[in-house]
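Survey of secondary and tertiary structure
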Amino acid sequence: MTVVPLRRALVIVLDSVGVGAAPDADSFGDIGANTILHIAQACADGLCEQGRNGLLHLPNLQTLGLVPCCQLACNQTIPLRESIVPKDAAFGCAKEISTGKDTTSGHWEMMGAPVLFNWGYFSNPTDSFPADFIVRLIEQAKLPGILGNCIASGTEIIERFGEQHRLSGKPICYTSADSVFQIAYHESVLSPAKADAVCQIARELLNEYNIARVIARPFSGQNANDFRRTANRKDYSVAPTQTTFLDQLLEHQGRVISVGKIADIFANKGISQKIKANGLEQLMDSTIEAWQSCRDKDLVFTNIVDFDTLYGHRRDVNGYALALEQFDLRLGELLTHVKDSDLVILTADHGCDPTFPGSDHTREFVPLLSKGAFQSGSIGIRETFADIGQSLAEYFDMPPMSNGKSFINHTQ
Ligand SMILES: O=P(O)(O)O[C@H]1O[C@H](CO)[C@@H](O)[C@H]1O
Ligand SMILES: [Mn+2]
Ligand SMILES: [Mn+2]
């Protein structure tokens, strides 16, 4: 009697790990950006020595085809410590067709729902938010006022306004190049329930402005020198405007297990179970644990946010390099639990080159590194991240999605 293997898929989003400027990088001011290449070069040039040892060491990502993936995206060989050829992996890279280079667009697109409309943005550097919205927010959330009201980096703005915030009780509101309204507050000033209520009100009011996300950004600490953001960040995303692969999998009696901020990004739509975790190690612990208890037609969908939040936006090249190596080590452990009949896909949602000016994301190709599902070799340059959702649909033997082309069994 033949035993039919379980179909189980795992998608890990390495948040912001881009592999080279996309063909439309010019319209984002991102020509020349390349998150992974520039980190690897900085290590090779000895610029990343604090806490580490020369060339970047990513053996497990190399086994999955990281080097040829980067070659496809930027036509350069990234300098790494070892020379390892891919083994039983299908690798390529993908372009984004969504209008923005933000987290929401990237994740929705990979699950088959690219954002082809324009999000609303607050593009004035100061007095960024419409007066009418602020008046209504203050009134409805019963706030003493707000601080900030500008485009800022989240760690700098709490240094700048944190003490004033503690004295006045006014939350610090700021935005970025993304379609976001971010609310920073000290955990001793706003209780979790109050902060949640403020964010819900802001979320509701900002729907008419087409803002993708409201983000709660709590912090703790005694003074400007030691204010630190806590693990209690929460994203309030709008729900996807189209059916995603996640919805479809649930309709076909599958399950979607969200690890990290995935459930927030999809406003809980198409999610069966959510596992919250803080930091790369915990996120990988939870991913491995969830993966080991997978049933047939299960998708584990993980976002590793540290690369972006702690290192990309902070332009911390050394921290980024260390985090990539830390991830690679855990990837090695994870891969021991992957069978030939499984499908594992590693990708990213956008770039955030820590050597690039400013503190924003960068418009880049994303890696597509996959293992299992009976294939190996190059899957080339894909036209949209939605090829991931389409491939998952084929893998799970479900009706095709309306966007994207499957790369299952289509290596070149
Ligand atoms: O500077 P911080 O607060 O980390 O904010 C960053 O994180 C937001 C969401 O990823 C982006 O919009 C960017 O502004
Ligand atoms: Mn992101
Ligand atoms: Mn980001």
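For clarity, every value in this text was computed on a predicted model and none was experimentally measured. (Residues numbered from 1 in each chain as written. Chains lettered and ligands numbered in written order. Predicted model: local features only at pLDDT ≥ 70, side-chain atom pairs only at ≥ 80, totals over all residues. Heavy atoms only, no water.)

What follows deals with the site of ligand 1. Close to ligand 1 lie 15 residues, the nearest being G154, Y174, S176, R229 and R314. Within the side chain of R229, an N or O atom sits 2.7 Å from an oxygen atom of ligand 1. Against a free-state accessible area of 360 Å², the protein chains account for coverage of 98% of ligand 1. Applying the majority rule of atoms within 2 Å of the grid points places ligand 1 in the second largest pocket. Of all the elements in the fold, those that place two or more residues in the shell around ligand 1 are strand 5 (180-186) and strand 6 (213-220). Among the elements that make up the shell around ligand 1, the one with the highest residue count is strand 6 (three residues). Residue classes in the shell around ligand 1 are distributed as three nonpolar, five polar and seven charged. Both domain 1 (8-116 + 241-395) and domain 2 (131-237) contribute no fewer than three residues apiece to the shell around ligand 1. (Near = heavy atom within 4 Å. Polar contact = N/O pair within 3.5 Å; in protein donor to acceptor, adjacent residues only side chain to side chain. Areas by Shrake-Rupley, 256 points an atom, 1.4 Å probe, with all protein chains shown as cover. 1 Å grid on protein atoms, 1.4 Å probe; cavity = no way out; pocket = protein on both sides within 12 Å on 5 of 7 lines; lining within 4 Å. Sits in = over half its atoms within 2 Å of the grid points. Helix = DSSP H or I, 4+ residues; strand = E, 2+ residues; numbered from the N terminus. Nonpolar A, V, L, I, M, F, W, Y, C, P; charged D, E, K, R; others polar. Domains from an automatic or database assignment.)

The next subject is the packing of helix 1 (residues 35-44) against helix 12 (residues 317-335). Angle between the axes and distance between the axes: these two values describe a pair of packed helices. One way to put it is that helix 1 packs onto helix 12 with a least axis distance of 10 Å and a crossing angle of 100 degrees. With respect to their mutual orientation, helix 1 and helix 12 come out roughly perpendicular. Where helix 1 abuts helix 12, its residues T35, I36, I39, A42 and C43 lie against V317, Y320, A321 and L324. Taken together, the residues of the contact of helix 1 with helix 12 break down into eight nonpolar, one polar and no charged. (Axes fitted to C-alpha atoms, helices over the stretch in contact; angles between N-to-C directions. Parallel < 35°, antiparallel > 145°, perpendicular 65-115°, else oblique. Contact = heavy atoms within 4.5 Å.)

In the structure shown here, the tally under the stated rule is twelve aromatic pairs. Ring centres of F117 and W119 lie 5.0 Å apart, and the angle between their planes is 80 degrees; this geometry places the pair in the edge-to-face category. Judged by centre distance (5.1 Å) and plane angle (65 degrees), the rings of F219 and F227 are edge-to-face. Among the residues examined, F227 registers a relative accessible area of 5% and is labelled buried. (Phe/Tyr/Trp six-rings, centres within 6.5 Å; stacked < 30°, edge-to-face > 60°. Buried < 20%, exposed > 50% of the residue type's maximum accessible area, 1.4 Å probe, protein only.)

Right, let's get into helix 3 (residues 66-74). Three- or four-residue spacings in an α-helix give side chains the same orientation, since the helix completes a turn every 3.6 residues. Turning to helix 3, its buried residues number three or more, namely L66, V67, C69, C70, A73 and C74. Around the axis of helix 3, the buried residues are gathered within 160 degrees of arc, so they sit on the same side. Buried residues belonging to helix 3 abut helix 1, helix 2 (59-63), strand 2 (89-94) and strand 13 (366-372). Positive phi appears at N75, one or two residues downstream of helix 3, with a value of about 60 degrees. (Arc of directions from axis to C-beta.)

Protein-derived coordination of the manganese ion (ligand 2) comes from D15 (OD), D15 (OD), T103 (OG1), D349 (OD) and H350 (NE2), at a distance range of 2.1 to 2.8 Å. Between consecutive donor residues of the manganese ion (ligand 2), the sequence gaps follow D-x87-T-x245-D-H. Separating the manganese ion (ligand 2) from the manganese ion (ligand 3) is a distance of 4.4 Å. Taken together, the residues span a long stretch of sequence, with T103 in helix 4 (residues 103-110) and H350 in the loop between strand 12 (343-347) and strand 13 at a distance of 247 residues. The exposure classification of T103 matches that of H350, with both residues buried. (Donors = N, O, S within 2.8 Å, 3.2 Å for Na, K, Ca; no water.)

Let us now look at empty space enclosed by the protein. A complete count under the given rule lists one cavity of 30 Å³ or more for this structure. Space inside the largest cavity adds up to approximately 30 Å³. Lining the largest cavity are L14, V17, I36, L61, L66, L324, P367 and L369. Residue classes in the lining of the largest cavity are distributed as eight nonpolar, no polar and no charged. (Points joined across faces, edges and corners; volume = space filled by probe spheres on them.)

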